[in-house]
Amino acid sequence: TGQAQERGAPAPAPETTGQTSRVSRLFGRIVPTYDLMNRLMSLGQDQAWRRRAAALAAPEPLALGLDVATGTADLALALASRVRQVVGVDVCGPMLPVALAKVARAGRSHQLRFLLSDVYQLPFPDASFQCVTVGFGVRNMADPVAAFREMRRVLRPGGRVVCLEIMPPQQGLLGRGYRLYLTRLIPFVGGLVSGQPEAYHYLSTSVQAFANPQELLDIMYQSGYTQAFFEGHNLGTIAVHVGIR
């Protein structure tokens, strides 16, 4: 799994590379409070969503899984309860020492390892993994189709890619309340907790500009998955999308 890929994706476009660098720097500044804000923003539900994503990725015990945009390894750890070995990759270097420490505290260092890697050029041969997960990461990717295609490349036939993501506000009263939560409360609390309000303004903006559940499903089909479906959670503000190679 650690070998250089034999045939990979072409080099990403300059605008894609620029977005990756900007997001990496932004997330690097909020590492110390990243987990705390995840719990606060989700009212403690985010770990349950990750467990559901892991269950959909590996409905039966599997040997090898990949977690893309692994961050501080919460989804990788959820996946490790269902997969014998997990590799986590992230473009934000400061996240990975936190991931390693968390995995060690959980007593799962033998199961997980981490690499610094861009999603558009994953350093693995074709068909390396039985499942691939990505939690709250696709929204930060400038070219989701290219990202999903690269995840599909390293996935074995019959395997699943699972995407856990925040959905944009919809129409109606609930949507208006959710939009206020995103645009007012999250940047305010995020700024107080992290000292980096611009990171949580970015979160609000990126969620509102992101694909809705059906559009994201269409992106997965466009990326080459022959079967895809999604589940909505938390009144439709969270979705778990599954694509099967």
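Computed from a predicted structure; not experimentally measured.

A.B. asks: Residue-level account of the pattern of salt bridges, with values.
C.D. replies: Between side chains of opposite charge, a pair can form as their charged atoms come close. Per the stated rule, a full pass over the model turns up 10 salt bridges. The salt bridge involving Lys102 is made with Asp74; its shortest N-O contact spans 2.8 Å. Of this pair, Lys102 sits in helix 5 (residues 95-105) while Asp74 is found in helix 4 (residues 74-80), placing the two residues 28 residues apart along the sequence. Of the two residues, Lys102 and Asp74, neither departs from the other in class, the shared state being buried. Of the charged contacts in the structure, one is a salt bridge between Glu150 and Arg153, with a shortest N-O distance of 2.9 Å. With a gap of three residues between them, Glu150 and Arg153 both fall in helix 6 (residues 144-153), about one helical turn apart. Residue Glu150 is classed as buried on the basis of its relative accessible area, which comes to 2%. The buried category is assigned to Arg153, whose relative accessible area is 9%. Within this structure, Asp35, Arg39, Asp46, Arg50, Asp74 and Lys102 form a network of salt bridges that share partners.

A.B. asks: How would you summarise the nonpolar core if you had to cite specific residues and measurements?
C.D. replies: Core analysis: the largest hydrophobic core is formed by 48 residues, its most contacted members being Phe27, Leu112, Phe114 and Tyr200. It is helix 4 that contributes the most residues to this core, six residues altogether. Not counting chain neighbours up to four residues away, the residues in contact with Phe114 comprise Thr70, Ala73, Ala76, Gly88, Leu96, Ala99, Leu100 and Val103. Within the second largest apolar cluster, 32 residues are counted, among which are Val145, Val154, Leu155 and Leu217.

A.B. asks: Tell me about the pairing of strand 5 (residues 155-166), residues and numbers included.
C.D. replies: Remember that side chains alternate between the two faces of the sheet whenever the strand is regular. Sheet analysis places strand 4 (residues 129-135) next to strand 5, joined by six bridges and oriented parallel. Bridge pairing in strand 5 places Cys131 opposite Arg160. As for the winding sense of the linkage, the β-α-β connection from strand 4 through helix 6 to strand 5 is right-handed. Bridge analysis of strand 5 against strand 7 (residues 238-244) gives seven bridges, and the strand direction is antiparallel. The residue bridging Glu165 from the neighbouring strand is Ala239, located in strand 7.

A.B. asks: Could you give an account of the side chain of Ser117, naming the residues involved and the relevant values?
C.D. replies: For Ser117, the location among the structural elements is in the loop between strand 3 (112-116) and strand 4. Other than its neighbours up to four places away in sequence, Ser117 contacts Val89, Asp90, Val91, Leu122 and Pro123.

A.B. asks: Mind laying out a nonpolar patch on the surface, listing which residues take part and the relevant values?
C.D. replies: Among the surface-exposed residues, Leu185, Phe188 and Leu192 lie close enough to one another that they form a single nonpolar patch of about 330 Å² accessible area. Judged by relative accessible area, Phe188 falls into the exposed class, the value being 53%.

A.B. asks: Outline the packing of aromatic side chains, supporting the account with residue identities and numerical values.
C.D. replies: Scanning the entire structure with this criterion turns up three aromatic pairs. Judged by centre distance (6.1 Å) and plane angle (65°), the ring pair of Phe27 and Tyr34 falls under edge-to-face. Take Phe27: its relative accessible area is 17%, and that puts it in the buried class. Relative to Tyr225, the ring of Phe148 has its centre 6.3 Å away and its plane inclined at 90°; by these criteria the two rings are edge-to-face.

A.B. asks: With reference to specific residues and values, describe the sheet that holds strand 7.
C.D. replies: Sheet architecture is open: seven strands sit in the order 3-2-1-4-5-7-6, paired in mixed fashion. Each having just a single partner strand, strand 3 and strand 6 (227-233) make up the two edges of the open sheet. Averaged over neighbouring strand pairs, the angle between their axes works out to 20° when direction is ignored. Here four bridges tie strand 1 (residues 62-68) to strand 4, and the two strands are oriented parallel to one another. Bridge pairing links Gly65 to Cys131 in strand 4. The strands touched by helix 9 (residues 213-222) are strand 5, strand 6 and strand 7; relative to strand 6, the strand with the most contacts, the crossing angle is about 155°.

A.B. asks: So, the pairing of strand 7: which residues are in play, and what are the values?
C.D. replies: With respect to burial, strand 7 is a largely interior element, seven of its seven residues being buried. With burial as the criterion, each face of strand 7 is covered, one bearing Ile238, Val240, Val242 and Ile244 and the other bearing Ala239, His241 and Gly243. When strand 6 meets strand 7, the two strands line up antiparallel, connected through seven bridges. Looking at the pairing, Phe230 lines up with His241 of strand 7.

Calculation criteria
Residues numbered from 1 in each chain as written. Predicted model: local features only at pLDDT ≥ 70, side-chain atom pairs only at ≥ 80, totals over all residues. Heavy atoms only, no water. Salt bridge = Lys/Arg side-chain N within 4 Å of Asp/Glu carboxyl O. Helix = DSSP H or I, 4+ residues; strand = E, 2+ residues; numbered from the N terminus. Buried < 20%, exposed > 50% of the residue type's maximum accessible area, 1.4 Å probe, protein only. Core = buried A, V, L, I, M, F, W, Y, C linked by side-chain atoms within 4.5 Å. Contact = heavy atoms within 4.5 Å. Pairing = 2+ DSSP bridges. Right-handed = clockwise from strand over helix to strand, strands pointing away. Patch = residues over 30% accessible without salt bridge, like charges linked within 9 Å, V, L, I, M, F, W, Y side chains within 5 Å. Areas by Shrake-Rupley, 256 points an atom, 1.4 Å probe, with all protein chains shown as cover. Phe/Tyr/Trp six-rings, centres within 6.5 Å; stacked < 30°, edge-to-face > 60°. Axes fitted to C-alpha atoms, helices over the stretch in contact; angles between N-to-C directions.

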